[in-house]
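# Structural description and commentary
Here is how the chains run, residue by residue.
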Amino acid sequence: VLVNAADYGYTLTAIWISFNGDDPFDCATASRVQSLAFHPGFDETDPGSPTDIGVAVLTAPATVSPAILPGAGSQGGHFRGDPLDSVGWAQDDNGNIFTSRRRIGPVDYKATAPDYLFAHLVLKGNTCATGYDGGGLFLPGGQSLAGLVNGAGNGCKNGTFLRLDTATARDFLQDFVTLP
């Protein structure tokens, strides 16, 4: 989730991303962002739309292995109850921002729409594992990405995930990564 800091009287001069899942405030290993790009059809007045996707381009290659993106049209064959893993940044229940860390939790597939996957989120401990918009939905136990968190509702019981195998997502992503 990006905030236009200029609205609050701040000017951003640098953005850094941490890939340390145990310490998101680990500035020693953070990667600097060179630029941000958004889907050309993105409209901030329509959050959660199929064009609500962006890319952070780093100044140097990341030190972690990238997720494996899905092939075109590959996410339409799930069955209700199929297990998936939701990965996102979240804080402890009743915690503050300093308790944030990467969470991985099970979700059960519910349904597919042309641009979305829907899943029932299973609580892990006292914390919902979806975290914030932009977290990943993965095939179980691996690096194969199915979608991005696009909204969690009903007190963390149901999640909406933007499919990354659609023409809308792939047409945008192909300018930044090699697609399968």
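We now turn to the structure provided with this report. Bear in mind the structure is a predicted one, so any value in this text is a computation, not a measurement. Numbering of residues starts from 1 in each chain and follows the order in which that chain's sequence is written. The predicted nature of this model means local features are confined to residues of pLDDT at least 70 and side-chain atom pairs, given and counted, to a pLDDT of 80 or more, with totals for whole chains, interfaces and linings taken over all residues. The basis for the side-chain values is all heavy atoms of the structure; hydrogens and waters are excluded.

### Considering the overall build of the protein
So the rule is basically this: The numbering of helices and of strands both runs from the N terminus, where a helix is a DSSP run of H or I of at least 4 residues and a strand a run of E of at least 2. When accessible area is computed with a 1.4 Å probe and restricted to protein chains, residues below 20% of their type maximum are described as buried, those above 50% as exposed, and intermediate ones as partly exposed. Every residue pair with non-hydrogen atoms within 4.5 Å of one another is taken to be in contact. The Shrake-Rupley method, run with a 1.4 Å probe, gives the accessible areas here. Residue values count only the displayed protein chains as cover.
When helices and strands are counted, the protein shows one helix and nine strands. The order of helices and strands in the protein, counted from the N terminus, is β-β-β-β-β-β-β-β-β-α. Per-residue burial for the protein yields a buried fraction of 33% across its 180 residues. Taking as baseline every contact in the protein between residues at least 6 positions apart, the subset at least 24 positions apart corresponds to 57%. When the accessible surface of the protein is totalled, it reaches about 10500 Å², and 55% of it is carbon and sulfur.

### Notes on the pairing of strand β6 (residues 116-121)
Note the threshold: Strands pair, by our definition, only if DSSP identifies at least two bridges between them.
Two elements, strand β5 (residues 101-112) and β6, share five bridges in a ladder whose sense is antiparallel. Following the sheet pairing, aspartate 108 is matched in β6 by histidine 120. Counting the residues that bridge the hairpin from β5 to β6 gives three residues. As paired strands, β6 and strand β9 (residues 158-163) are joined by five bridges and run antiparallel to one another. Among the inter-strand pairings, leucine 117 is bridged to a residue of β9, identified as phenylalanine 161.

### Quick word on the nonpolar core
Defined as follows: What is meant by a nonpolar core is a set of buried Ala, Val, Leu, Ile, Met, Phe, Trp, Tyr and Cys residues, joined one to another through side-chain atoms within 4.5 Å.
The biggest cluster of nonpolar side chains holds 13 residues, and the ones touching the most others in it are Ile53, Leu145, Leu164, Phe172 and Leu173. Isoleucine 53 has contacts with Phe38, His39, Leu148, Leu162, Leu164, Ala169, Phe172 and Leu173, leaving out every residue within four places of it along the chain. If you look at the next biggest cluster of nonpolar residues, it comprises 10 residues, including Ala119, Ala146, Val149 and Phe161.

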